[in-house]
Amino acid sequence: MKKAEKRQSEEAVMLLKDTHALIQAMLDSEHYHAAMELLEQCQSCAISLGERIEAIEGRGCPVIPFLENYCERIYEIYEKIGRSCPVHAASVYDALTAELSQIEDSIKKQISVKTEVVFLPYKASMWDSMESVWRAADAEPGCDAYVIPIPYYDKKPDGSFEAFHYEGGMYPDYVPITDYRDYQFAQRQPDIIFIHNPYDEYNYLTSVHPFFYARNLKPFTEKLVYIPYFIMGEPDPDNKEEVEYISHFCTTPGVIYGDKVIVQSEAMRQVYVNVMTKFMESHGFVRQDWEEKILGLGSPKTDKVLTAGREDQKIPEEWMKVIKKKDGSLKKVVMYNTGLSTFLQNSRQYLDKMRDVFRIFREVNHNVALLWRPHPLLRDTIRTMRESLADDYERLLEEYCREGWGIYDDSGNLNRAIAVSDAYYGDGSSVVQLYEKVKKPVLIQNVSLQYKKRK
């Protein structure tokens, strides 16, 4: 039984207690018809409570016989009053309360509570920011864990919604998926909801369905928990420039409305606490509020990458055609990560850089395989914010995939790319921190630097 369901059962018992006092008062004042009506209501309430408990716990639940005894006692008292037999109001109260005490004690001691936990990822590629937490919850006998991918929209430059996306079919086979249309949040009232998109309507490129905005989820749960889908370089809480850069990741609806926020480290926690204390001081929040809310417990992304080795991965056959040499040995694999912010800062020059990178790796592909993994939102960003370059990007993408000398990875499985590759090349991003965790080489690209062709 869920905590909310057990609480409802306990509230029903309290209602019956209060009604017993009314029955005693009606009998003392000789309002026998009113007393009989209240007895009928008590019996209906007890039957309804029994049916509800039986549906959840099964017929063998030890509370059921106590409820049956209670209903029999009500019937006996009702029949006595109906036949105008003398009844003693205090004795009626004592008899009903004695039966009810057994029900109350049985609910308290013999019905165990299960915690219902809901995970609401929106992009499959970001599932790794929740997976280790889900695994722990799913393995806990006292917990029912549900993974409910939620839909999202691309946004037009004016902020209105455009294309609709739902990636429920893109998760690993071992993750059981619940359709968001089948889970009734208002009725279920899960104990904990985990989210990893903190932006609500304030992201320029995408928006989760408004039903799943943090402020809208808040009434459905006792604990809304936000875990960032990204990790960043470890900050110095005393470095003003670093704090300024991180601050816009802190002042989001997910942080404001979340009951708990789990960040990658204690240093990052201090930045969040400092930023939010200042940002929300005019709204009546004090530093202690943020110190209690924000926890530096580490990122599940790190948990995932540390436990995923190449031997654990299902490597696609088309990837192996690129990775394998003619003699059967394996090439070194370099993961090429193209991100958002560097592209937006350089745009046309960035596409020229990509062409240059592809040319260089094409020339050495007999020894080195390139695994190109663009940011999941790069394509949408170009269409929305650099529309004039959209066709050029599409031609570059089409040419790369058609030539077949490299790997193109737009899947939701970042950890497979990290496990398969031997080194990282590309923009500074949260992926860099993951490569550093597994002690693989990292080289950040210089967009303004391009290499001359060999003669």
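You'll find the structure just up there.
Summary of the structure given here. Position labels on residues start from 1 in each chain and follow its written sequence. Two thresholds apply to this predicted model, a pLDDT of at least 70 for residue-level local features and 80 or more for giving and counting side-chain atom pairs, whereas whole-chain, interface and lining totals are computed over all residues. Side-chain descriptors were evaluated using all non-hydrogen atoms of the structure, hydrogens and water having been removed beforehand.

## Here we look at the sheet that holds strand β2 (residues 143-147)
Adjacent strands of a sheet form backbone hydrogen bonds with each other and so pair up, either parallel or antiparallel. We apply this condition: Criterion used throughout: strands pair if DSSP finds at least two bridges between them. Counting from the N terminus, the helices are the DSSP runs of H or I reaching at least four residues and the strands are the DSSP runs of E reaching at least two. Residue contacts follow a heavy-atom distance rule, with two residues in contact if any of their heavy atoms lie within 4.5 Å. Between the N-to-C directions of two axes lies an angle of 0 to 180 degrees, each axis being a line fitted to C-alpha atoms and, for a helix, fitted only over the stretch in contact.
Ordered in space as β2-β1-β5-β7-β8-β9, the six strands form an open sheet in which the pairing is parallel. Two strands bound the open sheet, and with one partner strand each, they are β2 and β9 (294-295). Pairing of strand β1 (residues 115-120) with strand β5 (residues 192-195), which is carried by four bridges, proceeds in the parallel orientation. In the sheet register, Leu120 faces β5, and the bridge partner there is Ile195. Across the sheet, helix α5 (residues 131-139) is in contact with β1, β2 and β5; its angle to β2 comes to roughly 140°.

## What to know about helix α1 (residues 3-28)
Under the convention used in this document: By this rule the span expected of a helix is its residue count minus one, scaled by 1.5 Å. Buried residues are those whose accessible area, probed at 1.4 Å on protein chains only, stays under 20% of the maximum for their type, while exposed residues exceed 50% and partly exposed ones sit between those limits.
Along its 26 residues, α1 runs 38 Å from first to last C-alpha, staying within 8% of the 38 Å computed at 1.5 Å per residue. Residues of α1 that are buried include every one of Ala4, Lys6, Ser9, Ala12, Val13, Leu16, Thr19, His20, Ile23 and Leu27, and no others. Packing partners of the buried residues in α1 comprise α2 (32-57), α3 (63-82) and α4 (89-110). One or two steps after α1, the chain reaches Glu30, where phi turns positive at roughly 60°.

## Quick look at the environment of Pro376
Inspection of the secondary structure puts Pro376 in the loop between β11 (368-374) and α16 (378-385). Taking the relative accessible area as the measure of exposure, Pro376 reaches 36% and is therefore partly exposed. C-alpha separation for the pair Pro376 and Asp410, spaced 34 residues apart in sequence, amounts to 6.9 Å. When neighbours within four sequence positions are excluded, Pro376 is seen to be in contact with Lys123 and Ser125.

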